[in-house]
Amino acid sequence: MKKAVLIICLLLLIGCKSKTVNRDTEDLKIKPVSTAEINANQQKKAYDLGKRVLETCNTSKFKPFNETEVTQSVMENTTEERLTKTCQRFRQYYGSFIDLKLDGVYRTKQEVIYRYHALYTKKVANKELRVFVNEDNLVSAIKSMDWDEKFDSKLEGQ
């Protein structure tokens, strides 16, 4: 199971570039976004693209992203072939994907993070999906991981 989660994280952790960046701690801080500040169109886009990725696990058919939805690196790294391999394990462990439930919206200096609880048919599934949207309103990363109940409490310490 750890191997499957690692593979998922590697495949879905999209949009990372290795380059030298000088950052101060302000760049790394994640702050909650109030409901009034949430951009409804951006929220819908994050939900739709996150759901499209996870629904591939149910249908084995993926509608490729385009340049108006995601960054180039996300487009290159999210292929039907890669998703299908990952989804085979997800279906085995968690059952069929049902839906995403928004748990919170957060902001860093460069992007907005939509945190979803991914709902599956098997009760043992306790997964989350984070969709990162950059300043150009493009999805810059999609990351799947185990659900962390203490996520918000970690933010208070920053």
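Since the structure is predicted, the reported quantities are computational estimates derived from the model, not experimental observations.

### Quick look at the nonpolar core
At step 1: If you look at the biggest cluster of nonpolar residues, it comprises 28 residues, and the most contacted ones within it are L54, F65, L100, Y114, Y120, V131 and V139.
At step 2: Going through the elements one at a time, α3 (40–59), α5 (80–94), β2 (97–107), β3 (111–120), β4 (127–134) and β5 (139–146) are the ones with two or more residues in this core.
At step 3: Setting aside residues up to four positions removed in sequence, L100 forms contacts with Y47, G50, K51, L54, Y116, H117, A118 and L129.
At step 4: Core analysis: the second largest hydrophobic core is formed by 5 residues, Y106, I113, F132 and A141 among them.

### Concerning the packing of aromatic side chains
At step 1: Summed over the entire model, instances satisfying the criterion amount to 7 aromatic pairs.
At step 2: When the ring of Y47 is compared with that of Y116, the centres are 6.1 Å apart and the planes differ by 55°; the resulting orientation is tilted. With a gap of 69 residues between them, Y47 in helix α3 and Y116 in strand β3 connect regions that are remote in the sequence.
At step 3: A centroid spacing of 5.8 Å and a plane angle of 70° characterise the contact between F97 and Y120, whose relative ring orientation is edge-to-face.

### Observations concerning the pairing of β4
At step 1: With 8 of 8 residues buried, β4 is to be regarded as a mostly interior element.
At step 2: Sheet analysis places β3 next to β4, joined by 8 bridges and oriented antiparallel. Looking at β4, one finds that V112 is bridged to V133.
At step 3: Once β3 ends, the chain turns through 6 residues before running back antiparallel as β4.
At step 4: The pairing of β4 with β5 spans 7 bridges and is classified as antiparallel. Bridge pairing in β5 links E128 to M145.

### Here we look at the pattern of salt bridges
At step 1: The tally for this structure, following the rule as stated, stands at 8 salt bridges.
At step 2: Salt-bridge contacts for D99 lead to K51; the nearest nitrogen and oxygen are separated by 3.7 Å. Here D99 is found in strand β2, whereas its partner K51 is found in helix α3, with 48 residues between them in sequence.
At step 3: Residues R115 and D103 are paired through a salt bridge, measuring 2.9 Å at the closest nitrogen-oxygen approach.

### With respect to the sheet that holds β3
At step 1: On the basis of which strands lie adjacent, the open sheet formed by 5 strands has the order β1-β2-β3-β4-β5 and antiparallel pairing. Each edge of the sheet is formed by a strand with only one pairing partner; in this case those strands are β1 (31–32) and β5.
At step 2: Where β1 meets β2, 2 bridges bridge the pair, whose relative direction is antiparallel. Paired with P32 across the two strands is Y106, which belongs to β2.
At step 3: Strands in contact with α3 are β2, β3, β4 and β5; relative to β2, the strand with the most contacts, it is inclined by about 145°.

### What about unusual backbone geometry?
At step 1: Positive phi, normally seen in glycine, also occurs at S60, with a value near 60°.
At step 2: The residue S60 is located in the loop between α3 and α4 (72–77) in this model.
At step 3: With phi around 65°, N137 is a residue other than glycine that occupies positive phi space.
At step 4: Here N137 lies in the loop between β4 and β5.

### Overview of the environment of W147
At step 1: On the secondary structure map, W147 appears in the loop between β5 and α6 (151–156).
At step 2: The sequence separation of W147 and H117 amounts to 30 residues, and the corresponding C-alpha distance is 7.2 Å.
At step 3: When residues no more than four places from it in sequence are discounted, the contact partners of W147 are D103, R115, Y116, H117, N126, K127 and E128.
At step 4: Here the side chain of W147 touches E149 through a polar contact of 3.0 Å, side chain to side chain.

About the criteria used
- Position labels on residues start from 1 in each chain and follow its written sequence.
- Selection of residues for local features in this predicted model requires a pLDDT of at least 70, selection of side-chain atom pairs for listing and counting requires 80 or more, and totals for whole chains, interfaces and linings are taken over all residues.
- Calculated side-chain values reflect all of the structure's heavy atoms, with hydrogen atoms and water omitted.
- Grouping buried Ala, Val, Leu, Ile, Met, Phe, Trp, Tyr and Cys residues that are joined through side-chain atoms within 4.5 Å yields what is termed a nonpolar core.
- Any residue under 20% of the maximum accessible area for its type is buried, any over 50% is exposed, and the rest in between are partly exposed; the area is computed with a 1.4 Å probe on protein chains only.
- Secondary structure elements follow DSSP: runs of H or I no shorter than four residues count as helices, runs of E no shorter than two count as strands, and numbering proceeds from the N terminus.
- Contact definition: two residues touch when any of their heavy atoms are within 4.5 Å.
- Pairing of aromatic rings covers Phe, Tyr and Trp, the last counted by its six-membered ring, and requires centre-to-centre distances within 6.5 Å; plane angles under 30 degrees mean stacked, over 60 mean edge-to-face, and any other angle means tilted.
- Paired strands are those between which DSSP finds at least two bridges.
- Each reported salt bridge corresponds to a side-chain nitrogen of Lys or Arg within 4 Å of a carboxyl oxygen of Asp or Glu.
- Note on definitions: angles span 0 to 180 degrees between N-to-C directions of axes, and those axes are lines fitted to C-alpha atoms, for helices only across the stretch in contact.
- Under the rule applied, a polar contact is a pair of N or O atoms within 3.5 Å (in protein, one hydrogen donor and one hydrogen acceptor; residues adjacent in sequence only if both atoms are side-chain atoms).

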